[in-house]
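Now for the letters of each chain:
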Amino acid sequence: MQTKQPKGLGQPRRPGELVFNLLMVLGSLYLLWSAYGISGFEALSAPGAVPMVTTAVMLLCTGLIFLETLRKSKITAEKLERDILPMPVIVTILAITGYALALKPLGFLPTSFLFLTGLIRYLAKYSLARSALLALLMVAGIYLLFRIVFTVLMPPGIVPEAEVIAWVKSLFVARGN
Amino acid sequence: MDVINALLIPILDLKLLGLIGLGTFAGIYVGAIPGLSVTMAVSILISFTFSWAVYPAIALMIGIYMGGVYGGSRTAILLNIPGAPSAIATAMDGFPMAKKGLAGEAIGIVTVVSFLGGFIGILALAIFAPLLADFAISFQPRDYMMLAVLGILLVGSLSEGSLVKGIFAGALGIAIGAVGMDPLTYTERFTFGTSGLRSGVSFVAVMIGMFGISEGLMQLHTVNTAAVKQKISSIIPSWSQVRKHIPLGMQTSSIGTVIGALPGTGGDIAALIAYDHATRVTKNPEVPFGQGAIEGLVAPETANNAAVGGAFIPMLTLGIPGDAVTAIMIGALFIHGLNPGPMLMVDQPNMFWFIVSALALANCFMLIFGLTGIRVFVKIVELPRAVLLPAILLLSIVGAYAVNNSVNDVYWMLGFGVFGYFMKLYGYPLGPVILGVILSRLLDDNWRRAIISDQESLWMLLKGTLASPLSLVLFVSVILIFVSKTPLWGMIFRKRTA
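Please read these numbers as outputs of a predicted model, since none were measured by experiment.

A.B. asks: It is not clear to me how the overall build of chain B should be interpreted in this structure. Could you clarify?
C.D. replies: Each helix and strand in chain B was counted, giving 22 helices and two strands. Here the C-alpha atoms of chain B give a radius of gyration of 22 Å, agreeing with the 23 Å that 2.2 N^0.38 yields for 498 residues. Within chain B, the proportion of its 498 residues that are buried is 62%. Considering only contacts in chain B between residues 6 or more positions apart, those separated by 24 or more positions represent 78%.

Following this line, the structure appears as structure tokens:
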């Protein structure tokens, strides 16, 4: 059952909101301390002046937000694991982290293929073959567009990309002759 | 003569013309697909085009921007899901029209009036920006500082959530922008003893994280929502229908241009104000507002497209972004070695006229692409989100990596993405963060210049502010934004009306 909201307050508190806002207060406090460490109260034009004012404003704001959150009643209908951090969000964050870790050693093409296959299979619930085929098409499209149009260099990793490109080019040269 | 030459650059260069067309085409689709925002697309694009020459990079981004603002209306009409915040008002009457089987008619009229609005905004940019730039040369450092504060505050106060959260977000952006070596004294700021932070946090990683990853993560909550199918036939509107709505379109275009030109306000606010204006001035609509009134489409769509040209005015003349997309475009100009502000018009007037011309061309492409290819469009919008989202996330990762070929930037992007995701969940606006990052340097430099020239005295600074009419207006505006959001304002207002 939903708790009655005290008069004059905004929306009720969502799961995890209090913890998040507390972390914001602590983070702002730490940043204010760091800003003070830049040049202290040396001068109004010192390199730490704007960072100090900025972080002080952050601390003031987060303090007010935290106090307001404390006064709010909790939404009992919402759950952290369903409405704030559902499994697809956690899996996607882990997948991006995994992508970043594998990008250099494995290379752009295999990492992207695995990333897309895994996520499409998980999110769209397609068969592995269908997910892999879609991933292959997408990786091919993205690679051609960004390698050729945008000339972006991505880590080759285990794929001998330079050799493959040279081989494809040699085919065209041979045809030309 | 120079002006004409600069205006002709994107018209005569087929590559630039093609990029503007491609950008507009892509922008319409990006803007139309819920979950893909123009801000997201432009921020990802910067990372891929940073190694390009400045003209092609800007041409592509302008196309995406112009097309994206218009594209947002498509899904607002077809699915009642605005593809972009600027299309929120469009859904109010667009979707009821679609339910009556008039989706084609709605899309047709929206396309034509968007062109009209876009044209008026661009015209205003061409006329007023040079005048404002001449005036802006006389701005003092304190004026720039207050303009930056004003922009961040306006975004904070007008976006969703409370003003306190908006101010926090803006301050956070300024703090992020300050990370690294201080350019004046080479003192380390917020580096925490890490050498990797001395060059600052990659602006592109922050942007892609905040707008790409966080939005992608939010979309995962509704990833399995089925796409709604619509059948559409002809969409080209009759001339009599267009002519009938031109007077209202002219009024709301002017509103859009002015709102767009205010630092920190963009097409979404312009569209809502214009919609409100339409409900006041249209005495006898054929269909009531909210049930499919064409006036309810004309007003927001002319205004949000006019706001594009308007948003470029403060961006190019003062270096202050009009909205989140222009904030990102300022970042793009910085990356390409340009310095948006009054001196841009003096040092590189060609760049200004090139932008005006590119916007005008993008507006024409928008009309052409908007009135054609509707069947392909409907198919693409129906693509399942569960397939589309992984591809968008991959593009975001590649974009963050590509700027410095650094995996660290991917981690930064992910960190800011997850942080932005929680900020969104708990009602913090993200626009002020990016505005803060962009304006951090401007604010910091001008504060220090102002206070040094006033001999480190706050009293002298205040006296100087009160003595200058411009500074005084800016100062009062900053104070008014604060006061307007406090209970004090409500008390004064109630007393007056009582």
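Still more to cover.
A.B. asks: Would you mind going over the overall build of chain A with me for this structure?
C.D. replies: The helix and strand tally for chain A stands at seven helices and zero strands. Taken from the N to the C terminus, the helices and strands of chain A come in the order α-α-α-α-α-α-α. The C-alpha atoms of chain A give 26 Å as radius of gyration, which overshoots the globular expectation for 177 residues (16 Å, by more than 25%). Taking the principal axes of its C-alpha atoms as reference, chain A extends roughly 80 × 55 × 25 Å. Counting the 177 residues in chain A, one finds 27% classified as buried. Long-range contacts, defined here as pairs at least 24 residues apart, represent 68% of the contacts in chain A between residues at least 6 apart.

A.B. asks: How should the interface of chain A and chain B be read in this particular structure?
C.D. replies: Accessible area lost on assembly of the parts is the figure often given for the size of an interface. Taken together, the 49 residues of chain A in the interface contact 51 residues of chain B. Secondary-structure elements contributing two or more residues to the side of chain A that touches chain B are α1 (17–39), α2 (49–71), α4 (87–106), α5 (108–124) and α6 (128–149) of chain A. Broken down by class, the residue content of the side of chain A that touches chain B amounts to 36 nonpolar, ten polar and three charged.

A.B. asks: Would you explain the nonpolar core in this entry?
C.D. replies: A general trend in soluble globular proteins is that nonpolar side chains are found buried together. In terms of nonpolar packing, the biggest core is built from 217 residues, with Val42, Met61, Ile62, Ile355 and Ile434 of chain B touching the most fellow members. Looking at which element gives the most residues to this core, the answer is helix α6 (residues 103–136) of chain B, with 18 residues. When residues of this core are sorted by domain, at least three fall in each of domain 1 (17–83) and domain 2 (86–158) of chain A. Not counting residues within four places of it along the chain, the set of residues in contact with Ile434 of chain B comprises Gly173, Met207, Met210, Ala324, Ala327 and Ile328 of chain B.

A.B. asks: How do you make sense of unusual backbone geometry when you look at a structure like this?
C.D. replies: In terms of backbone geometry, most residues other than glycine have negative phi values and most peptide bonds are trans. All names here are of chain B. Residue Phe192 is not a glycine yet carries a positive backbone phi of 50°. Structurally, the position occupied by Phe192 is in the loop between β2 (188–189) and α9 (203–219). With phi around 55°, Gln455 is a residue other than glycine that occupies positive phi space.

A.B. asks: Explain the packing of α6 of chain B against helix α10 (residues 239–261) of chain B here, please?
C.D. replies: When two helices pack together, their arrangement is given by the angle between the helix axes and by the axis-to-axis distance. Residues and elements named next belong to chain B. Closest axis-to-axis distance for the α6/α10 pair is 9 Å, and the angle between their directions is 45°. Here α10 runs oblique to α6, going by the angle between their axes. Note on packing geometry: the crossing formed by α6 with α10 is right-handed. Where α6 approaches α10, its residues Ile109, Val112, Val113, Leu116, Gly117, Ile120, Gly121 and Ala124 are matched on the opposing element by Gln241, Val242, His245, Gly249, Ser253, Ser254, Gly256, Thr257 and Gly260.

A.B. asks: Whenever I open this one, the confidence of the model for chain B confuses me. Can you help?
C.D. replies: Any residue range with low pLDDT should be treated as having predicted coordinates unsuitable for detailed reading. Confidence in the prediction for chain B averages 84 pLDDT; 90% of positions are at 70 or higher. Taken element by element, the predicted model of chain B shows its lowest mean pLDDT in helix α22 (residues 487–497) of chain B (65) and its highest in β2 of chain B (93).

A.B. asks: What should I look at first to understand helix α21 (residues 469–484) of chain B in this one?
C.D. replies: Side chains that are three or four residues apart share a direction in an α-helix, a result of its 3.6 residues per turn. All names here are of chain B. For α21, which comprises 16 residues, the first-to-last C-alpha distance of 22 Å matches the rise-based estimate of 22 Å (1.5 Å per residue) to within 8%. Listed in full, the buried residues belonging to α21 are Ser471, Leu474 and Ile481. Down the axis, α21 shows its buried residues gathered within 95° of arc, on one side only. Those residues of α21 that are exposed and aimed more than 90 degrees away from the buried face are Pro469, Val473, Ile479 and Val483.

A.B. asks: How should helix α8 (residues 163–178) of chain B be read in this particular structure?
C.D. replies: All names here are of chain B. With 16 residues, α8 should reach 22 Å at 1.5 Å per residue; the first-to-last C-alpha distance of 23 Å fits that figure. With 14 of 16 residues buried, α8 is to be regarded as a mostly interior element. Of the residues trailing α8, Gly180 is marked for its positive phi of about 120°.

A.B. asks: Just to check I follow, could you spell out the packing of helix α20 (residues 458–467) of chain B against α21 of chain B for this structure?
C.D. replies: Residue and element names in this part refer to chain B. Contact geometry of α20 with α21 gives a least axis separation of 5 Å together with a crossing angle of 105°. By the angle class used here, α20 and α21 are roughly perpendicular. When α20 is examined against α21, the residues Gly464, Thr465 and Leu466 are found in contact with a partner set consisting of Ser471, Leu472 and Phe475.

A.B. asks: In this structure, what is going on with the environment of Phe211 of chain B? I would like to understand it.
C.D. replies: Its location among the elements puts Phe211 of chain B in helix α9. With 154 residues separating them along the chain, Phe211 of chain B and Ala57 of chain B place their C-alpha atoms 20 Å apart.

A.B. asks: Quick question: what am I supposed to make of the confidence of the model for chain A here?
C.D. replies: Looking at chain A as a whole, its pLDDT mean stands at 86, while 90% of the residues score no less than 70. Long-range and interchain partners of residues 1–9 of chain A, a stretch whose pLDDT sits below 50, account for 14 contacts in this model, where long-range means more than four residues apart.

A.B. asks: Where do I start with the environment of Ile259 of chain B in this structure?
C.D. replies: If you trace the backbone, Ile259 of chain B turns up in helix α10. Spatially, the C-alpha atom of Ile259 of chain B lies 9.2 Å from that of Ala306 of chain B, the residues being 47 residues apart in sequence.

Procedures and definitions
- Residues numbered from 1 in each chain as written.
- Chains lettered and ligands numbered in written order.
- Predicted model: local features only at pLDDT ≥ 70, side-chain atom pairs only at ≥ 80, totals over all residues.
- Helix = DSSP H or I, 4+ residues; strand = E, 2+ residues; numbered from the N terminus.
- Rg over C-alpha atoms; globule rule 2.2 N^0.38 Å.
- Buried ≥ 20, exposed ≤ 12 C-beta atoms within 10 Å, placed from the backbone.
- Contact = placed C-beta atoms within 7 Å.
- Nonpolar A, V, L, I, M, F, W, Y, C, P; charged D, E, K, R; others polar.
- Core = buried A, V, L, I, M, F, W, Y, C linked by C-beta atoms within 7 Å.
- Domains from an automatic or database assignment.
- Axes fitted to C-alpha atoms, helices over the stretch in contact; angles between N-to-C directions.
- Parallel < 35°, antiparallel > 145°, perpendicular 65-115°, else oblique.
- Left-handed = near helix turned anticlockwise from the far one by under 90°.
- pLDDT = per-residue confidence, 0-100.
- Expected span 1.5 Å × (residues − 1).
- Arc of directions from axis to C-beta.

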